[in-house]
Amino acid sequence: MNGRREMEQRSLELPPVVSHTNGLPIYFLTGKNYLYQTLYCIQSLIKSTAAQFKFILVDDGSFNAALMERVAKQLPGAQVITVEQISENLQNTLPEARYPYLHKKEQYILTLKN
């Protein structure tokens, strides 16, 4: 457990990695408990290739203002897809009237996050 805490703490000191608007899109499902791992993964990725990436972080339901600030600092230009956006996209693409079971599952999942 101490190794995890040390990684989490050291991840705060990782240098920023710019997300390029026209870079190759790469998605990470992440949040409060996993952002440190995401940042280490991104650091490793950019050290292994000269390619430019557009980082897209998908909120696991735990993003808050502090996490958004951290992403802005350590991954400038990265896109965050929030739970609210996911819910809106779901409603627009798969309306509740036609897919009630799917929406019931979504609400159940959201209650587990809170």
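Residues numbered from 1 in each chain as written. Predicted model: local features only at pLDDT ≥ 70, side-chain atom pairs only at ≥ 80, totals over all residues. Heavy atoms only, no water.

1. Topic: the pairing of strand β2 (residues 53–59)
When a strand is regular, its side chains alternate between the sheet's two faces.
Okay, so step 1: Of all the 7 residues making up β2, 6 are buried; the element is thus mostly covered by neighbouring parts of the structure.
Okay, so step 2: Where strand β1 (residues 24–30) and β2 come together, 7 bridges link them in parallel fashion. By the bridge assignment for β2, L29 is matched with V58.
Okay, so step 3: Each parallel crossover has a hand, and for β1 linked through helix α2 (residues 35–48) to β2 it is right-handed.
Okay, so step 4: Taken together, β2, helix α3 (residues 65–74) and strand β3 (residues 79–81) form a β-α-β motif whose crossover is right-handed. (Buried < 20%, exposed > 50% of the residue type's maximum accessible area, 1.4 Å probe, protein only. Helix = DSSP H or I, 4+ residues; strand = E, 2+ residues; numbered from the N terminus. Pairing = 2+ DSSP bridges. Right-handed = clockwise from strand over helix to strand, strands pointing away.)

2. A closer look at the environment of A51
Okay, so step 1: Tracing the chain through its elements places A51 in the loop between α2 and β2.
Okay, so step 2: Taking relative accessible area as the criterion, A51 reaches 31% and is therefore assigned partly exposed.
Okay, so step 3: Residues A51 and N89 lie 38 residues apart in sequence; the distance between their C-alpha atoms is 30 Å.

3. Concerning the pattern of salt bridges
Okay, so step 1: Following the criterion strictly, the structure yields 2 salt bridges and no others.
Okay, so step 2: One salt bridge in this structure joins E8 and R4, with 2.8 Å as the shortest N-O distance. A residue pair is termed a helical-turn pair when its members lie 3 or 4 positions apart in one helix, as E8 and R4 do in helix α1 (residues 2–11) at 4 residues.
Okay, so step 3: With a closest N to O distance of 3.1 Å, E6 and R10 form a salt bridge. Of this pair, E6 and R10 both sit in helix α1, 4 residues apart, roughly one helical turn. (Salt bridge = Lys/Arg side-chain N within 4 Å of Asp/Glu carboxyl O.)

4. Looking at the packing of α1 against α2
Okay, so step 1: Two elements in contact, α1 and α2, have axes whose closest approach is 9 Å; the angle formed by their N-to-C orientations is 65°. Relative to α2, the element α1 is oriented roughly perpendicular. Handedness of the α1/α2 crossing: left-handed. Each of R4, M7, E8, R10 and S11 in α1 lies in contact with α2, whose residues at this interface are Y36, L39 and Y40.
Okay, so step 2: Classifying every residue of the contact of α1 with α2 gives 4 nonpolar, 1 polar and 3 charged. (Axes fitted to C-alpha atoms, helices over the stretch in contact; angles between N-to-C directions. Parallel < 35°, antiparallel > 145°, perpendicular 65-115°, else oblique. Left-handed = near helix turned anticlockwise from the far one by under 90°. Contact = heavy atoms within 4.5 Å. Nonpolar A, V, L, I, M, F, W, Y, C, P; charged D, E, K, R; others polar.)

5. Examining the sheet that holds β2
Okay, so step 1: Strand order in this open sheet of 3 strands is β1-β2-β3, and the pairing throughout is parallel. A strand with exactly one partner marks an edge of an open sheet, and here the two such strands are β1 and β3. Along the sheet, successive strands turn relative to each other by an average axial angle of 25°, direction set aside.
Okay, so step 2: Of the pairings in the sheet, the one linking β2 to β3 comprises 3 bridges and is parallel in character. By the bridge assignment for β3, L57 is matched with V80.
Okay, so step 3: The strands touched by helix α4 (residues 83–93) are β2 and β3; relative to β3, the strand with the most contacts, the crossing angle is about 60°.

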